[in-house]
Amino acid sequence: MTSPLPAPHIPSLDLGGRTALVTGAAGGIGRACALRLAAAGARVRAVDRDAPGLDALVEQAGGLAGSLEPLVLDLTDLDAAERAAAGTDVLVNNAGFQLVRPIEEFPPEVFHTVLTVMLEAPFRLIRGALPHMYGQRWGRIVNISSVHGLRASAYKSAYVAAKHGLEGLSKTTALEGAPHGVTSNCVNPGYVRTPLVEAQLADQARTHGITEERVLSEVLLKDSAVKRLLEPEEVAEAVAYLCGPQASFATGTSLVLDGGWTAH
């Protein structure tokens, strides 16, 4: 009689002793990522300009609250952002915002701010984190991109430009970081159940002159094979995977969670 095969070893995510930094941590994807990494044992610097939102995160964390270090920071302060990233082992660039307008009506100052928060700030955060990561020859950088980092939609010039730029920044970081044990990847969600998407529903309803329900079904999810919004916790699990030992060979790539949108 042959002996039964041993159960496969499934590596778990153990970030004990590691420090993670998550931007946009007060809500949505950022909050889910902060809680997931704290649950894996990391000490999490939860960065956001929304102080009450960070307080709510700590309250939600319950027994994990001791693993969270709330840091109120406006990422347009680029020098402060770079300083905040010093000494981090895991960096999750998540913060962002959206404005839906035709290009000829898009406020230039908002375009500038979107690029600052969603592209230049990640560059400065990565710049601040790499010396420590290189010194210990281990680091994980996960950039929350979007399906809009791979595809464009009308009326979202700043957001699409920033996410396309983030894809390039992530790949360049991967090439430079590989000899030092540092990986850099993007996670590319479709539409996630977050306050940002809820705001888009209202904004696009005004732009297109239709109801929010029709925006969801006919605009946002038009090209998605899976007709539902993605949950923030699902994105956080993708981030956790990229931080785990089973993903040590994954770098310079994009993990797409778009419900089949880009399969067209």
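Everything below is about the structure printed above this text.
Remember, it's a predicted structure, so these values are computed and weren't measured experimentally. (Residues numbered from 1 in each chain as written. Predicted model: local features only at pLDDT ≥ 70, side-chain atom pairs only at ≥ 80, totals over all residues. Heavy atoms only, no water.)

1. Focus: the pattern of salt bridges
Piece 1. Evaluation of the coordinates by the stated rule reveals 10 salt bridges.
Piece 2. Put simply, Glu231 and Arg193 hold a salt bridge, and the shortest N to O gap is 2.9 Å. Residue Glu231 is located in the loop between helix H7 (212-220) and helix H8 (232-243), and its partner Arg193 is located in the loop between strand E6 (182-189) and helix H6 (195-208); the two are separated by 38 residues in the primary sequence.
Piece 3. We classify Glu231 as partly exposed; its relative accessible area is 25%.
Piece 4. Given the relative accessible area of 43%, Arg193 is considered partly exposed.
Piece 5. The residue Glu234 makes a salt bridge to Arg228 at a minimum N-O spacing of 3.0 Å.
Piece 6. Residue Glu234 is classed as partly exposed on the basis of its relative accessible area, which comes to 31%. (Salt bridge = Lys/Arg side-chain N within 4 Å of Asp/Glu carboxyl O. Helix = DSSP H or I, 4+ residues; strand = E, 2+ residues; numbered from the N terminus. Buried < 20%, exposed > 50% of the residue type's maximum accessible area, 1.4 Å probe, protein only.)

2. Quick word on the packing of aromatic side chains
Piece 1. Taken as a whole and assessed by the stated rule, the structure comprises two aromatic pairs.
Piece 2. An angle of 85 degrees between the planes, with centres 6.2 Å apart, marks the rings of Phe106 and Phe111 as edge-to-face.
Piece 3. Overall, the relative accessible area of 8% leaves Phe106 in the buried class.
Piece 4. Here Tyr191 and Trp261 contribute two aromatic rings whose centre-to-centre distance is 5.9 Å and whose plane-to-plane angle is 15 degrees, an arrangement assigned as stacked. Highlighted residues: Tyr191 in the loop between E6 and H6 and Trp261 in the segment after strand E7 (254-257), separated in sequence by 70 residues.
Piece 5. The lysine or arginine in question, Arg18, covers the ring of Trp138, its NZ or CZ lying 3.9 Å from the ring centre. (Phe/Tyr/Trp six-rings, centres within 6.5 Å; stacked < 30°, edge-to-face > 60°. Lys NZ or Arg CZ within 6 Å of the ring centre and 35° of its normal.)

3. Quick word on the layout of surface pockets
Piece 1. A volume near 910 Å³ is recorded for the largest pocket.
Piece 2. Of all elements in the fold, only helix H1 (28-39), strand E2 (43-48), helix H4 (108-136), helix H5 (157-177) and H6 reach the threshold of two or more residues within the lining of the largest pocket.
Piece 3. The biggest single contributor to the lining of the largest pocket is H6, with six residues.
Piece 4. Here the lining of the largest pocket is composed, by residue class, of 21 nonpolar, 14 polar and seven charged. (1 Å grid on protein atoms, 1.4 Å probe; cavity = no way out; pocket = protein on both sides within 12 Å on 5 of 7 lines; lining within 4 Å. Points joined across faces, edges and corners; volume = space filled by probe spheres on them. Nonpolar A, V, L, I, M, F, W, Y, C, P; charged D, E, K, R; others polar.)

4. Side note on H6
For an α-helix, 3.6 residues make a turn, and residues three or four places apart therefore share a direction.
Piece 1. Compared with an ideal rise of 1.5 Å per residue, which puts 14 residues at 20 Å, H6 spans 20 Å between its outermost C-alpha atoms and is within 8% of the ideal.
Piece 2. Among the residues making up H6, those that are buried are Val197, Gln200, Leu201, Ala202, Asp203, Gln204 and Ala205.
Piece 3. Looking at the buried side of H6, the elements it contacts are H7.
Piece 4. The first or second residue beyond H6 is Gly209, which carries a positive phi of 70 degrees. (Expected span 1.5 Å × (residues − 1). Contact = heavy atoms within 4.5 Å.)

5. Focus on the environment of Leu255
Piece 1. Considering the arrangement of structural elements, one finds Leu255 in strand E7.
Piece 2. Remark: the alpha-carbon pair of Leu255 and Val187, spanning 68 residues in sequence, is separated by 4.7 Å.
Piece 3. Apart from the residues within four sequence positions on either side, Leu255 is in contact with Cys186, Val187, Asn188, Ala238, Tyr241 and Leu242.

6. Side note on the environment of Val92
Piece 1. Within the fold, Val92 resides in strand E4 (residues 90-93).
Piece 2. Sequence separation of Val92 and Gln136 is 44 residues, and the distance between their C-alpha atoms is 18 Å.
Piece 3. Those residues in contact with Val92 that lie beyond four places of it in its chain are Leu21, Val22, Thr23, Cys33, Leu37, Val142, Ile144 and Val239.

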